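Residue-level listing of the chains:
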Amino acid sequence: MRTPDDKRVTLTFYSYPTKRLTMRWKAKVTFEPGSVDDSLATVTLVDGEETPVPRAWFEVAGQRIDIRDGRGELRCGDFVKGKHETPIWVHRKGMLPIPGALTFE
């Protein structure tokens, strides 16, 4: 894997709608310019009120990314390896897991 040397690539994922905004989520996976398999992508996670999620697991590309204070990291090669895995979830203690999907902004 290699991203363009002159472009940052960001994938945005949204949860399926829920009644409570605090249960909704938005995750962004950002690959910096020139990222390769061993580079780390930044993952940010906020709830439906745009508040960083304090503690969670973001499940994407066959990986469970540990989120603390709205941030986590994912090795780019692991993302590519699991790109055909379809489950996309956010798991938070004391809450039901909420599924989501890739979107375009």
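Scroll up a little and you will see the structure.
A brief report on the enclosed structure follows.

Quick notes on the side chain of K26
Part 1 of the reasoning: Mapped onto the elements, K26 comes out in strand β2 (residues 25-31).
Part 2 of the reasoning: At 3.4 Å, the side chain of K26 forms a polar contact with the side chain of E50.
Part 3 of the reasoning: Once residues lying within four places of it in the same chain are set aside, the contact partners of K26 are T12, F13, Y14, T44, L45, V46, E50 and E105.

Some remarks on the pairing of strand β6 (residues 71-75)
Part 1 of the reasoning: Only one face of β6 is buried, namely the one carrying G72 and L74, since none of R71, E73 and R75 on the opposite face is buried.
Part 2 of the reasoning: Pairing geometry for strand β3 (residues 40-47) and β6, over five bridges, is antiparallel. By the bridge assignment for β6, L40 is matched with R75.

A word on the pattern of salt bridges
Pairs may arise between side chains of opposite charge once their charged atoms sit close together.
Part 1 of the reasoning: Overall, the coordinates contain seven salt bridges when judged by the stated rule.
Part 2 of the reasoning: Here D5 ties to R2 by a salt bridge, and the two come within 2.7 Å at their closest N and O atoms.
Part 3 of the reasoning: The class for D5 is exposed, based on a relative accessible area of 55%.
Part 4 of the reasoning: A salt bridge links E32 to R8, with the nearest nitrogen and oxygen atoms 2.9 Å apart. One end of the pair, E32, is in the loop between β2 and β3; the other, R8, is in the segment before β1 (9-15), with 24 residues separating them in the sequence.
Part 5 of the reasoning: R8 gets classed as exposed once you look at its relative accessible area, which sits at 55%.
Part 6 of the reasoning: Several salt bridges share partner residues, and in doing so they unite D38, R75 and D78 into one network.

Quick look at the packing of aromatic side chains
Part 1 of the reasoning: In the structure shown here, the tally under the stated rule is three aromatic pairs.
Part 2 of the reasoning: Each ring, one from F31 and one from F79, has its centre 5.3 Å from the other, and the planes form 65°; the classification is edge-to-face. Placement of F31 in strand β2 and of F79 in helix α1 (residues 76-81) is noted, with a sequence separation of 48 residues between them.
Part 3 of the reasoning: Residue class for F31 comes out buried when judged on its relative accessible area of 4%.
Part 4 of the reasoning: Take F79: its relative accessible area is 15%, and that puts it in the buried class.
Part 5 of the reasoning: One aromatic cluster is present, built from ring pairs that chain together F13, W25 and F58.

What counts and what doesn't
Residues numbered from 1 in each chain as written. Predicted model: local features only at pLDDT ≥ 70, side-chain atom pairs only at ≥ 80, totals over all residues. Heavy atoms only, no water. Helix = DSSP H or I, 4+ residues; strand = E, 2+ residues; numbered from the N terminus. Polar contact = N/O pair within 3.5 Å; in protein donor to acceptor, adjacent residues only side chain to side chain. Contact = heavy atoms within 4.5 Å. Buried < 20%, exposed > 50% of the residue type's maximum accessible area, 1.4 Å probe, protein only. Pairing = 2+ DSSP bridges. Salt bridge = Lys/Arg side-chain N within 4 Å of Asp/Glu carboxyl O. Phe/Tyr/Trp six-rings, centres within 6.5 Å; stacked < 30°, edge-to-face > 60°.

Geometric descriptors of this kind do not, in isolation, establish any biological role.
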